[in-house]
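Chain by chain, the residues run as shown.
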Amino acid sequence: MYFLADDERKQLLRYYLPKARELGVAEELRGWNWHQPPLEPVYGAVLALYEVAGRYCPSGRDVFLRRVQGIRGEPNLAMIQGAVLHDILADLLVAAKRAIYLYGTGNYRAICEALEKYAPAPPLPSTGLSEAEAADLLGKMEILCSFERARVLSRLQEVLARHPYIGEDSLANLTIPVVLEQKLNGAFLGLSGNLSTDAFIFSEPMILDLKFGEPRDFHRLGTTGYALVMEALYEFPVNLGCIVYGEFRGDRLIVKRDIHIISDELRQWFIEERDEKARFVAEEIDPGLAGDCPATCPFYRVCRPGG
Amino acid sequence: MDPVLKVSDIKQYLYCPRIIYFTYVLPVEKKTTPKMEIGKEEHLKTARLEGRRRLRAYGLTEGERFFNTYLFSPRLGLEGVLDMYLAVPRGSFPVDFKNTCRLAVNHKYQLLAYALLLEDQLGRPVRGGFIYLIPLGRAVYVEATPEARLYTKRLLGAIRGLIGQEQFPSLPRRAGRCADCEYRNYCGDVG
């Protein structure tokens, strides 16, 4: 899912990377300027990144309910499926890396075998899915695994064929050049200390975010938030983000990637969202009901008990 | 009916939303600060000199300059007087003179608003513009990306929202800006 296709790589190298350098970013909007406005947090409230970047609730009342009222929403089917599919992809890629370290380049057949044998476990009953939903999800997990397994194996063979003297560490890095679930401390920007990006490519550097739902414009706020946190922590520019959309059509997996520049506009938007939502929490302001609540909202029954 | 906004409102809104409040919701008399006087003088001097200069600062070779052009777009409900625009064979570029050494975010969106206005005026796409940093004698190119255009329009919406709701905005994120603000005396919560 995280490996770019040839045309996407070309677009990245010939368009996005030079464009990002050419456009530049206002210095005050770089994450390493977290200690001064506008990045400096105004309120003491600590928010999770998904709370800032998620605009599924148009008024932001979900943050108020969760943080001020202490109400936990009921996760919807899409959220449960997304979490399971995220985990399975990370697990498969980590298993591949583990096999490379375990068996070494001299025993590459064992690596391939380990990968070929990798099968996802059925979703646990604790996810609260019905039998039919669990079976559907298991089918999707198998499609995802088979897709990713084939890609990892192909990359492994290609790297081995090109580098006769390669060692395990380099093989793991060239085959799967992403860090999965990279943990980040967002405290500098008034965010949670336990953030985690889906994947990060250090060579570009680019933040990757995986989604299994409809593309929404605010999804880019997620990559923007992680980029700001990365800049605050490591003090190097992170100019690019990529949202990977996975869609299941019958027994096929369709993958679309939205590569984008973490521009001034996205950075401003993220800060505005952070400040607005942190104000709701710090000042205990109820932003009120949204005009068009999605029925799948985890807080739908709380906000509209009769509806 | 929505008021016709000025391009400078965008700059002011990003500097401090209270300026918009004191301009449209509760109009008050304002004093001209020394900083504003100096800026005005430098502006005039630059415009005078620009007429005789070549276009090297903009990375262009040939083209025509137009000074102090009044621009108005009924579609955007926006008006402003543009310092200068360059018309070259590959397009037109607005130029905003600024008496500063560093490109600030509020200057960027002010220029983009001029780009949108110029586009409406000329009926041709404007791909970007320049901010001329007077002390450095250098022009910085700002591209009108699709995102930047949308954000500029969002800013216009936010300004209209502030005027419509008539709510006194909270203090800006940069309290240091209050030191040389012409509205300082009207903000009771600024020390």
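Chemist: Is there a simple way to explain the overall build of chain A in this structure?
Modeler: Regarding its fold elements, chain A presents 10 helices and 5 strands. Taken against the 2.2 N^0.38 rule, which gives 19 Å for 307 residues, the C-alpha radius of gyration of chain A at 21 Å falls within 12% of a compact globule. Each of the 307 residues in chain A was classed as buried or not, and the buried ones make up 51%. Contacts spanning at least 24 positions in sequence make up 70% of the contacts within chain A whose residues lie at least 6 apart. Approximately 14,800 Å² of chain A is accessible, and the part contributed by carbon and sulfur atoms is 50%.

Chemist: How do you make sense of the interface of chain A and chain B when you look at a structure like this?
Modeler: How big an interface is tends to be expressed through the accessible area that disappears when the partners come together. Taken together, the contacts link 21 residues of chain A with 13 residues of chain B. In this assembly, chain A packs against chain B so that about 1,500 Å² is buried in total across both faces, 41% of it on carbon and sulfur atoms. Looking at the side of chain A facing chain B, the largest losses of area belong to Glu28(A), Glu265(A) and Gln268(A), adding up to 38% of the total buried there. The interface formed by chain A and chain B contains 5 salt bridges.

Chemist: Hey, could you run me through helix H5 (residues 146-165) of chain B in this one?
Modeler: Each turn of an α-helix holds 3.6 residues, which means side chains three or four residues apart point in the same direction. Compared with an ideal rise of 1.5 Å per residue, which puts 20 residues at 28 Å, H5(B) spans 29 Å between its outermost C-alpha atoms and is within 8% of the ideal. In the stretch just after H5(B), Glu166(B) is the one whose phi turns positive, near 55°.

Chemist: Would you mind showing me how to read the environment of Arg61(A) here?
Modeler: All names here are of chain A. Among the structural elements, Arg61 can be located in helix H3 (residues 61-67). A sequence separation of 226 residues divides Arg61 from Pro287, and the C-alpha atoms of the two residues are 5.7 Å apart. The contacts of Arg61, once residues within four sequence positions are left out, are Asp286, Pro287, Gly288, Leu289 and Cys303. Of note is the side chain of Arg61, whose polar atom sits 2.9 Å from the side chain of Asp286.

The rules behind these values
- Residues numbered from 1 in each chain as written.
- Chains lettered and ligands numbered in written order.
- Predicted model: local features only at pLDDT ≥ 70, side-chain atom pairs only at ≥ 80, totals over all residues.
- Heavy atoms only, no water.
- Helix = DSSP H or I, 4+ residues; strand = E, 2+ residues; numbered from the N terminus.
- Rg over C-alpha atoms; globule rule 2.2 N^0.38 Å.
- Buried < 20%, exposed > 50% of the residue type's maximum accessible area, 1.4 Å probe, protein only.
- Contact = heavy atoms within 4.5 Å.
- Areas by Shrake-Rupley, 256 points an atom, 1.4 Å probe, with all protein chains shown as cover.
- Buried area = accessible area lost by both parts, 1.4 Å probe.
- Salt bridge = Lys/Arg side-chain N within 4 Å of Asp/Glu carboxyl O.
- Expected span 1.5 Å × (residues − 1).
- Polar contact = N/O pair within 3.5 Å; in protein donor to acceptor, adjacent residues only side chain to side chain.

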